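Listed here are the chains, written in short residue letters.
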Amino acid sequence: MKICRFDKGRFGVVVDGGVKDVTFAFQSLPKATYPYPVHDVMIAALPGLMTAIAEAANGTEVLPFDQVTLDLPVANPGKMIAAPVNYQKHLEEVREQADLHHNNTAHMKQIKEIGLFLKAGSSLVGPNVPVQITKTDRRNDHEIELAVVIGKAGKNISAAAALDYVAGYTIGIDMTVRGSEDRSFRKSLDTFSILGPWLVTADEIPDPSNIDFELTVNGATRQKANTRDLVLSVPELIEYASSFYTLYPGDVIFTGTPEGVGEVKVGDRMHAAIDGIGDMTIDIVAG
Ligand code: MN
């Protein structure tokens, strides 16, 4: 099932041509009281809501895509984990290009040498929010990535069991200012983390290790790859991440970007597509 949020607070099921409003099925979500949980309460509740969602969608009219505004599929991830250099060809292009590695040797190492990094929650926006470029004197790059949404809490999860902990998948864009600073700093500017256009539940993607995806800028292909070329696969990333910290429902793992990273400038339009998920168009604007 493809589940979306839209029109400021509504929930939908995505079907051919549009969205069915199933907000009624989400009425049982707990009302927020302080202190707020560190996980996403909608993702945590999702397994128990699936029957009600299917019933709510049954017979409901389809709202055409051009009549709805899609919002973030996961509103409150407790943390956004990201994998650096997780495609071998991307590591090779970083090593070859000085304006990618900036002589920072940490940018040129294998993923298991440098580990994972975190992106700030304040950088996260949905599929209908443009990317704002504020560092116009620096190179600002696109990175398309398969994004994994964790469905239940776990620590020290084995790779063999890892996919049981996945709620679903969405498209991730990990925007980046190139430079010598730490990755978390350069990838956490406002609007520099994008998730969308919706969440595809894990049952629709039983094997996340063979998925084609592509990112174009102004219609020209920049990145075109398949998740079979991940250095650490989705199960291995979950095992690795959860060996350091507990994963909670709604935590997002940006699985890494393949070769072909490139610059975007104000006025550009990105189009990101992942097979089995969908596609979205993102404009680049001045911040
Ligand atoms: Mn990335």
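Residues numbered from 1 in each chain as written. Predicted model: local features only at pLDDT ≥ 70, side-chain atom pairs only at ≥ 80, totals over all residues. Heavy atoms only, no water.

Caption draft 1: Structural context of the layout of surface pockets. In this structure, the largest pocket encloses a volume near 350 Å³. What lines the largest pocket is a set of 17 residues, and nearest its centre among them are L29, P30, V41, M42 and N76. When the residues that make up the lining of the largest pocket are grouped by side-chain class, the tally is 10 nonpolar, 4 polar and 3 charged. (1 Å grid on protein atoms, 1.4 Å probe; cavity = no way out; pocket = protein on both sides within 12 Å on 5 of 7 lines; lining within 4 Å. Points joined across faces, edges and corners; volume = space filled by probe spheres on them. Nonpolar A, V, L, I, M, F, W, Y, C, P; charged D, E, K, R; others polar.)

Caption draft 2: Region of the structure containing unusual backbone geometry. Of note, the bond from Y34 into P35 is cis; its omega dihedral lies within 30 degrees of zero at 0°. Mapped onto the secondary structure, P35 falls in the loop between β3 (18–21) and α1 (41–57). Cis geometry is adopted by the peptide bond preceding P197, which originates at G196 and carries an omega value of -5°. Within the secondary structure, P197 is located in strand β14 (residues 193–201). Located in the positive-phi region is V85, a residue other than glycine, with phi close to 30°. With respect to the helices and strands, V85 occurs in the loop between β6 (80–82) and α2 (88–96). For T191, which is not glycine, the phi dihedral falls at a positive 70°. Tracing the backbone shows T191 in the loop between α5 (183–186) and β14. (Helix = DSSP H or I, 4+ residues; strand = E, 2+ residues; numbered from the N terminus.)

Caption draft 3: Spatial organisation of the pairing of strand β12 (residues 166–174). β12 sits mainly inside the fold: 9 of its 9 residues count as buried. Taken together, the 7 bridges between strand β11 (residues 144–150) and β12 define a ladder with antiparallel strand orientation. Its bridge partner lying in β12, E145 is registered against G172. Sheet topology places β12 next to β14; 6 bridges connect them, and they run antiparallel. Residue pairing in the sheet places I171 in a bridge with G196 of β14. (Buried < 20%, exposed > 50% of the residue type's maximum accessible area, 1.4 Å probe, protein only. Pairing = 2+ DSSP bridges.)

Caption draft 4: Quick peek at the sheet that holds strand β16 (residues 220–226). Strand order in this open sheet of 5 strands is β9-β20-β19-β15-β16, and the pairing throughout is mixed. The strands lining the two open edges of the sheet, one partner per strand, are β9 (131–133) and β16. Neighbouring strand axes in the sheet, compared pairwise and without regard to direction, differ in orientation by 20° on average. (Axes fitted to C-alpha atoms, helices over the stretch in contact; angles between N-to-C directions.)

Caption draft 5: Local environment of the coordination of the manganese ion. Bound to the manganese ion on the protein side are E143 (OE), E145 (OE) and D174 (OD), at distances that span 1.9 to 2.1 Å. The sequence pattern describing where the donors of the manganese ion fall on their chain is E-x1-E-x28-D. Of the two residues, E143 is situated in the loop between β10 (140–142) and β11 and D174 in strand β12; the sequence distance between them amounts to 31 residues. The same class applies to E143 and to D174, which are both buried. (Donors = N, O, S within 2.8 Å, 3.2 Å for Na, K, Ca; no water.)

Caption draft 6: The packing of aromatic side chains, seen in detail. Under the defined criterion, the tally for this structure stands at 5 aromatic pairs. With centroids separated by 5.8 Å and ring planes inclined at 90°, the aromatic side chains of Y34 and Y36 adopt a geometry described as edge-to-face. You'll find Y34 and Y36 in the same group, each marked exposed. Here the guanidinium or amino end of K119 rests over the ring plane of F254, the centre of that ring lying 5.7 Å away. The residue whose ring lies beneath K152 is Y165, and the NZ or CZ to ring-centre distance is 4.7 Å. (Phe/Tyr/Trp six-rings, centres within 6.5 Å; stacked < 30°, edge-to-face > 60°. Lys NZ or Arg CZ within 6 Å of the ring centre and 35° of its normal.)

Caption draft 7: View of the domain arrangement of the protein chain. Per the domain assignment, the segments of the protein chain are domain 1 (2–67) and domain 2 (80–286). Measuring from the centre of the C-alpha atoms in domain 1 to the corresponding centre in domain 2 gives 25 Å. Each side of the interface is counted separately: domain 1 has 12 residues, and domain 2 has 15 residues. Summed over the shared surface of domain 1 and domain 2, the result is 1 salt bridge. Its salt-bridge partner being K2, residue E204 comes within 3.2 Å of it at the nearest N-O pair. (Domains from an automatic or database assignment. Contact = heavy atoms within 4.5 Å. Salt bridge = Lys/Arg side-chain N within 4 Å of Asp/Glu carboxyl O.)

Caption draft 8: Region of interest: helix α6 (residues 234–242). Counted residue by residue, α6 has 7 buried out of 9 residues, so it is predominantly covered. Along α6, the positions that sit buried rather than exposed are V234, P235, L237, I238, Y240, A241 and S242. Packing partners of the buried residues in α6 comprise β6, α4 (111–114), β11, β12 and β17 (252–254).

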